[in-house]
Amino acid sequence: MSAHDIDHSLDSFGDTSASATRVTPGNALRPEDIAIQQTAPGEDVAQYALRLGDDALILAQRLSTWISRGPELEEDIALGNIALDQLGHARSFLSYAALAWDKTEDDLAYFREEEEFTALHIVQQPNGHFGTTIARQLIVSIFQHLLYTRLLDSSDETIAAICAKAVKEVDYHRDHAIQWTLRLGLGTEESAAKMRHALEILWPYVAEMFKDEPLYDALGDAGVRPSTLRAAWDEEITAVLSDAGLEIPKTGSAMSFGRQGEPSEYMGFILAEMQVLARKHPGASW
Amino acid sequence: MAAQNESGGNLSAVLSPEEQAGKDRFDAIIAEDSRIEPRDWMPEAYRKSLTRQISQHAHSEIIGMQPEANWITRAPSLKRKAILMAKVQDEAGHGLYLYSAAETLGTPRDVLNEQLLSGRAKYSSIFNYPARSWADMGAIGWLVDGAAIANQVPLCRASYGPYGRAMVRVCKEESFHQRQGFEILLELAQGTEAQKKMAQDAINRFYAPALMMFGPPDGDSPNSKQSMEWRVKRFSNDELRQRFVGMIAEQVKVLGLTLPDPGLHFDEESGKWIHKELDWEELTEVISGNGPVNSQRLERRREAHAEGAWVREAAAAYAAKMARKTEVA
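Here the structure is a predicted model, which is why all the values come from computation and not from measurement.

Caption draft 1: Summary view of unusual backbone geometry. Residue and element names in this part refer to chain B. With a phi angle near 60°, Asp33 is a residue other than glycine that sits in the positive phi range. As for its placement among the helices and strands, Asp33 is situated in the loop between α2 (17–31) and α3 (44–72). Note on Asp33: relative accessible area 26%, which makes it partly exposed.

Structure follows, in structure tokens:
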């Protein structure tokens, strides 16, 4: 290879199509497209998009810390990929919500206070060990899969379009969580015990996912009442846990009100880390 | 050196007829600049040298995830966070292809991993420098991935087939990585005074270590000659360093920033870039484990490996159970 050839190869410096993780053209609605769209949502739909966006954002933030710390290289990639998908969903939902208030996705992610976030407590829970993360993924991904599937019929076109992309990705997250639940539940005594413990400590935060709030009265067909997802969720998770030799924990439900602006104790730490640089340089562009 | 004895004439007298035929074929493939494949006969020294080089390269990708993973949770915009996550994930992917390429030479991944964790295997010295500021994400992309590309593009034609093919894909993704690094710096350079300062500081810290990524000067690089004869390496350390420094000397102007090398210039007479003297003692120190964060990088890998042991055991036990079930059925 001549020196000229090296030069030529370096010309591809500037090639945006070279990433393995690139967005394929025409495949999906991108957050950037949503941010410049002409129709802003009404206040209720914006509040709804904010909730869906906050859940995905905080889950992405949690999952991303597995990158370079997974039990196998393959899991660094898998969990990183799931985090990246969740971040993508968060960006779309938040970009859409932001239109209603003349803000941007970054204003919402970086310049809101703890009590302005609406994320469910389940996504705020720490990663713990790998089994805790898998249990959290199982609980959340089955929920998101049911929810986004129903939202394909949302009367709000943007919400439906975001979910059309998200549902395919969440289906894979669900499969990943199920496969690992089986391996850990049926693997060794130690792994089964760790899974049982993980489910016990997370179960108190399950009920909050299915709580209806007055917002849903106003949303009409744009949203889905979470209480209507419970039966299908119970059925699906019971079947998975049973296949994995595990049981639904007998723990009760925590008094958690993430949707009403009462975050967990963890939220302050999550935001301190996530927002630190952006807040040090307000108004800066990156 | 053993490498020269085996590929040279000294041992050929004791080769069996089959081995001699294999060696003749190997020599012919190298001479016509074609590809050696995993099932082909190859000299032990070639196998050993390639295993070392490919696994070091894989280790570098894996350790190299750490300085950037360090900034994922703090990335200052959601778009930057997404790009950085995708990049670090690409690196894990590169590590995987490279371990697979190394495995085709006969050493399993867990053995290679053990060599990394025990500190016996080396990886690129650059990852033993800390990533302290957000601008370091830019400098690492532009300078470190840039130097990696200059090194790796010629490796796409390395004589060992699986390595060359892995490098083709790696290089494509690296060019995206370099671009995103340059973009980060460009944005900072056009930003506030504080951002501009952050960008210049990162370039100041990464410039010399990036130039040292090409290895010691040609006169002090003992493995290079053999590697060139085997058509693994195509250009000398100094030749590659020249190409790279010439490229960044131009690109830094677009940023409106400077390289910390005021005397850097192109000498018309010799046709070479003259850069500052590099501190080769520092490189030796970093390679032998005394860089700013060597200890931290290895310990993070060891921790992740140890904490994941029960997960790998469970996965293996589950696979064994499923296999027995299939047998019974």
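So, next bit.
Caption draft 2: Quick look at the interface of chain B and chain A. Residue-level contacts link 64 residues of chain B with 65 residues of chain A. Between chain B and chain A, roughly 5,700 Å² of surface is buried when both sides are summed, and carbon and sulfur atoms account for 67% of that area. At the junction of chain B with chain A, the criterion picks out two salt bridges. The partner of Glu72(A) in a salt bridge is Arg109(B), with the nearest N and O atoms 3.4 Å apart. On inspection of chain B and its partner chain A, the count reaches 18 residue pairs in polar contact (both at pLDDT 80 or more). Sorting the residues of the side of chain B that touches chain A by element identifies α3, α4 (78–103), α7 (161–189), α8 (193–211), α10 (237–255), α12 (294–307) and α13 (309–328) of chain B as the ones contributing at least two each. With 15 residues, the single largest contributor to the side of chain B that touches chain A is α4(B). Of the residues contributing to the side of chain B that touches chain A, the split by class is 34 nonpolar, 12 polar and 18 charged.

Caption draft 3: Main features of empty space enclosed by the protein. Residue and element names in this part refer to chain A. In this structure the tally under the stated criterion is two cavities of 30 Å³ or more. Quantified by volume, the largest cavity comes out at close to 60 Å³. The wall of the largest cavity is formed by Leu52, Asp55, Leu120, Ile122, Val140, Phe143, Gln144, Leu147, Tyr148, Met209 and Arg259. Only α3 (43–64) and α7 (130–151) provide two or more residues apiece to the lining of the largest cavity. The leading source of residues in the lining of the largest cavity is α7, at five residues. For the second largest cavity, the calculated volume is near 50 Å³. The wall of the second largest cavity is formed by Tyr48, Leu52, Phe143, Leu147, Tyr216, Val224, Pro226, Leu229 and Arg259. For the lining of the second largest cavity, the secondary structure elements donating two or more residues are α3 and α7.

Analysis parameters
- Residues numbered from 1 in each chain as written.
- Chains lettered and ligands numbered in written order.
- Predicted model: local features only at pLDDT ≥ 70, side-chain atom pairs only at ≥ 80, totals over all residues.
- Heavy atoms only, no water.
- Helix = DSSP H or I, 4+ residues; strand = E, 2+ residues; numbered from the N terminus.
- Buried < 20%, exposed > 50% of the residue type's maximum accessible area, 1.4 Å probe, protein only.
- Contact = heavy atoms within 4.5 Å.
- Buried area = accessible area lost by both parts, 1.4 Å probe.
- Salt bridge = Lys/Arg side-chain N within 4 Å of Asp/Glu carboxyl O.
- Polar contact = N/O pair within 3.5 Å; in protein donor to acceptor, adjacent residues only side chain to side chain.
- Nonpolar A, V, L, I, M, F, W, Y, C, P; charged D, E, K, R; others polar.
- 1 Å grid on protein atoms, 1.4 Å probe; cavity = no way out; pocket = protein on both sides within 12 Å on 5 of 7 lines; lining within 4 Å.
- Points joined across faces, edges and corners; volume = space filled by probe spheres on them.

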